[in-house]
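The chain contents come next:
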Amino acid sequence: MGAGYVGLTAAACLAHLGHSVTCVEANPDRLDVLRGGGIPIHEPGLGELVSEQVANGRLRWAADVASGLGDAQIVLLCVGTPPASSGQPDLNQLAEAARQVGRAATQSLVVVVKSTVPPGSCEAIELICAEEAGLGVTIRVASSPEFLRESRAVEDFLSPDRVVVGASDPEVIDLVASLYPPASPVVRCDRRGAELVKYAANTFLAIKISFANEVAQLCDALGTNALDVLDGVGADNRIGRQFLNPGPGYGGSCLPKDVSGFIALGRSAGTRTSLALAAQEQNLHSRKRIAARLGEALGTLTGKRIGLLGLAFKEGTDDVRDSPSVQIAEDLVASGATVSAYDPLAPRTSTPSGVRRLMSSFEVIDGADAVVIGVDSEEYRSLDPVKVAEVMSGDVVFDASGACDLVSWGRAGLTVYSVGRGTPSTFYPVVWPPLCWTVGMLDESVY
Ligand SMILES: NC(=O)c1ccc[n+]([C@@H]2O[C@H](COP(=O)([O-])OP(=O)(O)OC[C@H]3O[C@@H](n4cnc5c(N)ncnc54)[C@H](O)[C@@H]3O)[C@@H](O)[C@H]2O)c1
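Just so it is clear, the model here is predicted, and its values are computed rather than measured. (Residues numbered from 1 in each chain as written. Predicted model: local features only at pLDDT ≥ 70, side-chain atom pairs only at ≥ 80, totals over all residues. Heavy atoms only, no water.)

Q: Hey, could you go over the overall build of the protein for me, with residue numbers and the actual values?
A: Per the secondary structure count, the protein includes 18 helices and 13 strands. Scaling as 2.2 N^0.38, a compact globule of 447 residues should have a C-alpha radius of gyration of about 22 Å, and the protein matches this with 25 Å. With the principal axes as the frame, the protein shows a C-alpha extent of 80 × 55 × 40 Å. Out of the 447 residues in the protein, the part that is buried amounts to 49%. Within the protein, residue pairs in contact and separated by at least 24 positions form 70% of the contacts whose partners lie at least 6 positions apart. Of the charged side chains in the protein, 36 are positive and 52 negative; the average position of the first set lies 1 Å away from that of the second. (Helix = DSSP H or I, 4+ residues; strand = E, 2+ residues; numbered from the N terminus. Rg over C-alpha atoms; globule rule 2.2 N^0.38 Å. Buried < 20%, exposed > 50% of the residue type's maximum accessible area, 1.4 Å probe, protein only. Contact = heavy atoms within 4.5 Å. Lys, Arg positive; Asp, Glu negative; His and termini not counted. Charge placed at Lys NZ, Arg CZ, Asp CG, Glu CD.)

Q: Which residues make up the pattern of salt bridges, and what values do they have?
A: Where charged atoms from two side chains of opposite charge approach closely, those side chains can pair. The tally for this structure, following the rule as stated, stands at 22 salt bridges. E146 is the partner of K114 in a salt bridge, and the nearest nitrogen-oxygen pair spans 3.2 Å. Here K114 is found in the loop between strand 4 (109–113) and helix 6 (121–132), whereas its partner E146 is found in the loop between strand 5 (139–143) and helix 7 (153–158), with 32 residues between them in sequence. According to the relative accessible area criterion, K114 is buried, its value standing at 2%. Residue R381 is joined to E315 by a salt bridge in which the shortest nitrogen-to-oxygen separation is 3.8 Å. Here the residue R381 occupies a position in helix 15 (residues 378–381), and E315 occupies one in the loop between strand 8 (305–309) and helix 13 (324–334), the gap between them amounting to 66 residues. Owing to a relative accessible area of 33%, R381 belongs among the partly exposed residues under this scheme. Among the charged side chains, a salt-bridge network with shared partners connects E315, D376, E378 and R381. (Salt bridge = Lys/Arg side-chain N within 4 Å of Asp/Glu carboxyl O.)

Q: Run through the domain arrangement of the protein, naming residues and quoting values.
A: Once the domains are mapped, the protein shows domain 1 (5–189) and domain 2 (223–427). Spacing between the C-alpha centres of domain 1 and domain 2 amounts to 34 Å. Taken together, the contact pairs 16 residues of domain 1 with 18 residues of domain 2. Contact between domain 1 and domain 2 buries roughly 1200 Å² in total, counting both sides, with carbon and sulfur atoms accounting for 50%. Seen at the junction of domain 1 and domain 2, the total is 1 salt bridge. The residue R321 makes a salt bridge to E150 at a minimum N-O spacing of 3.8 Å. (Domains from an automatic or database assignment. Buried area = accessible area lost by both parts, 1.4 Å probe.)

Q: Can you break down the sheet that holds strand 8 residue by residue, with the values?
A: Taking strand neighbours across the sheet as the criterion, the 6 strands line up as 10-9-8-11-12-13 in an open arrangement whose pairing is parallel. Unpaired on one side and paired on the other, strand 10 (355–357) and strand 13 (415–418) mark the two borders of the sheet. Across this sheet, the average inter-strand angle for adjacent strands is 20°, counted without regard to direction. Both strand 8 and strand 9 (residues 338–342) contribute to a ladder of 5 bridges, which runs parallel. Residue pairing in the sheet places R305 in a bridge with T338 of strand 9. (Pairing = 2+ DSSP bridges. Axes fitted to C-alpha atoms, helices over the stretch in contact; angles between N-to-C directions.)

Q: Before we move on, can you summarise helix 8 (residues 170–177) with the specific residues and values?
A: Along helix 8, the residues classified as buried are V172, I173, V176 and A177. Down the axis of helix 8, the buried set is contained in an arc of 130°. They therefore lie on one face. Every exposed residue of helix 8 that faces more than 90 degrees away from the buried side is listed here: P170 and E171. Of the surrounding secondary structure, the elements contacted by the buried residues of helix 8 are strand 4, strand 5, strand 6 (163–166) and strand 7 (186–189). (Arc of directions from axis to C-beta.)

Q: Summarise the pairing of strand 13; cite the residues concerned and give the values.
A: Two faces belong to every sheet, and in a regular strand the side chains alternate between them. For strand 12 (residues 396–399) and strand 13, the ladder comprises 4 bridges, and the chain directions are parallel. Across the sheet, residue D399 finds its bridge partner in strand 13, namely S418. In this fold, strand 12 hands off to helix 17 (residues 406–411), which returns the chain to strand 13; that crossover is right-handed. (Right-handed = clockwise from strand over helix to strand, strands pointing away.)

Q: Explain the packing of aromatic side chains to me, and be specific about the residues and the numbers.
A: The description of two aromatic rings rests on the distance between their centres and on the angle between their planes. In the structure shown here, the tally under the stated rule is 3 aromatic pairs. Relative to Y180, the ring of F157 has its centre 5.9 Å away and its plane inclined at 35°; by these criteria the two rings are tilted. A residue pair is termed long-range when its members are at least 10 positions apart, and F157 in helix 7 and Y180 in the loop between helix 8 and strand 7 qualify at 23 residues. Residue class for Y180 comes out buried when judged on its relative accessible area of 8%. Considering the side-chain rings of Y342 and Y380, the 6.4 Å spacing of their centres and the 75° angle between planes classify their relative orientation as edge-to-face. Placement of the pair is Y342 in strand 9 and Y380 in helix 15, with a sequence separation of 38 residues. Judged by its relative accessible area of 8%, Y342 is buried. Across the ring face of F147, the terminal group of R162 is positioned such that the distance to the ring centre comes to 3.6 Å. (Phe/Tyr/Trp six-rings, centres within 6.5 Å; stacked < 30°, edge-to-face > 60°. Lys NZ or Arg CZ within 6 Å of the ring centre and 35° of its normal.)

Q: Run through the site of the ligand, naming residues and quoting values.
A: Not every one of the 28 residues close to the ligand is listed here, only the nearest: E25, R30, T81, E150 and K257. Here T116 contributes a backbone N or O atom positioned 2.9 Å from an oxygen atom of the ligand. Calculation on the ligand without its partners gives an accessible area of 830 Å², and the protein chains cover 90% of this total. Contributions of two or more residues to the shell around the ligand are made by helix 1 (5–16) and helix 5 (92–104). Ranked by residue count, the leading element in the shell around the ligand is helix 5, at 3 residues. (Near = heavy atom within 4 Å. Polar contact = N/O pair within 3.5 Å; in protein donor to acceptor, adjacent residues only side chain to side chain. Areas by Shrake-Rupley, 256 points an atom, 1.4 Å probe, with all protein chains shown as cover.)

Q: Residue-level account of the environment of N202, with values.
A: Note that N202 resides in helix 9 (residues 191–222). For N202, a relative accessible area of 7% corresponds to the buried category. Sequence spacing of N202 and A389 is 187 residues, and the spatial spacing of their C-alpha atoms is 39 Å. Apart from the residues lying within four places of it in its own chain, the contact partners of N202 are C254, L255, D258 and V259. Looking at N202, its side chain comes within polar contact range of the side chain of D258, at 2.6 Å.

Below you can see the structure in the form of C-alpha cells.
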C-alpha cells in the first residue's frame, strides 16, 4: 500500500524477485500516471522495472485495498509518515491503511510495516487491524523498515546492506525475510527493536554529516581543507569515510524527520538524546550559514541578483522535501535578494515563494551578481567556469555543495566560497595564535 519512493520501489523489485504484487495507491493522480504506463516520481531505473513487471503480469495496480487484496498472504504498508509539529511522525495514513486492511481481509495474513514508525507502532497497528477484522481472521504485524536511498532506490532494494525484520513470532520473521533477495543479511529482532533500528541509523548518519560540517567550519576558520582532514579521519576503518562530507546540511524526507522522531522518542521515554539535538542544531546552523556568508561576501544581499543551481535535496531526485537549497533560497529572498533558480527535476510547483524558476543553468547565471550551487550534480560540475565568468555580472560563486573545481573556477576570475575547502582563506582569518601557544606566550584574555 502506497506507491511513493518506498512502495513503488518495493512493488517493482518484489515482482522482479518473482512475487505476485498488487500495488495499491490512494492518490488518483498518482494512480492515473501508473495506469498510463508512467511513474509519478523520478527514480533512476524504476520506470523500466515497473514496465517490465506490468508486461509480464506480476505487477498490477489497485485504487484501494478492498479491490486489490485478493488472496494476498502479506500486505506491506509503505504509506507516508510526515512529521507533525511535535517532532513525532503523523501516523494517520498508517492507522487508516491498517483499518482498511482489517476490513478487507477475508483470511489470516501478515502486515509488514515498511514506513518509518516509532517503537510500539506495530503493536498498535495489530490492535487496529484486530478491531476491524472479521471472526476467524488473524492479522499479525511485523516491522521491516526500509533503508533505500532516493536516486538509488532500486539498487538499494535489490542489494541491501541488511534487511531488518522484527516480529513476535519466528515463523513470521522467516516469512517476511523470504520476500527479500535471497543473499541479503538478515537482522532478526523484536518489533520495537526493528522500529528503533531505522531511527537510530538515520540519526547516526545525520550526526556524521553534522560532524563533517563542524570540522568544515573549523577548517574555514583556520584556512585549511576539510576534505583532506575528513579523508584522514574517515580512513580509519572504525570511522569510515561515507557521510563525512561537508555541505549545506542534510535534508530530504527522511533524515530531518527521523532525527526529530528520535529526539521526540527520548523525550517521551525520559532518556537523553543530546547528540541528536546537537546534530539538529548544527544542521540548521550549516544551512543558515550559506546565505549569511554570501551576504558578508557581497556586502549586502539587498537588491542583489542571485542565481541558485539546484532545489532538490540532492542530485538525481525531484524530491524537495526539507531541502537545504530551498532553505537557502528562502533566506536569500528574506534578505532582500532577487533569486532565480534552476533544477532539472524538481516540480515547478515546488519552487519557493518569491523565487523565479528558469529553464537552464545559464539562464540563472546570466547577469547574476552571485551564483550559489546548492546541489552537487554532474550538470553543475561540468559547467565551463570561463563561460560562467563571462555571463555573470559579478564574480562571486558560493559552492555550497562541493561541486566546483575551485582551482579552475578561481583561474577563470571567479571568487569561489565553499564549505570547508579553505578558499579564500583570508575571508576567515586564523582565529587563534598557534605560535604564541607553542612558545608559551598564551594571553588568556584573548579567549
Ligand atoms: N523516501 C525515502 O527515501 C524513504 C526511505 C526509507 C523509508 N522511508 C519511509 O517510508 C515511508 C514512505 O515514504 P515515501 O517517501 O515513499 O512516501 P510518499 O509520500 O512518497 O508515498 C506514500 C504514498 O502512500 C499513498 N497512500 C497513503 N495512504 C494510502 C492508503 N491508505 N492506501 C494506498 N495508498 C496510500 C500516498 O498517496 C503516497 O503516494 C515513510 O514512512 C518514510 O519515512 C522513506
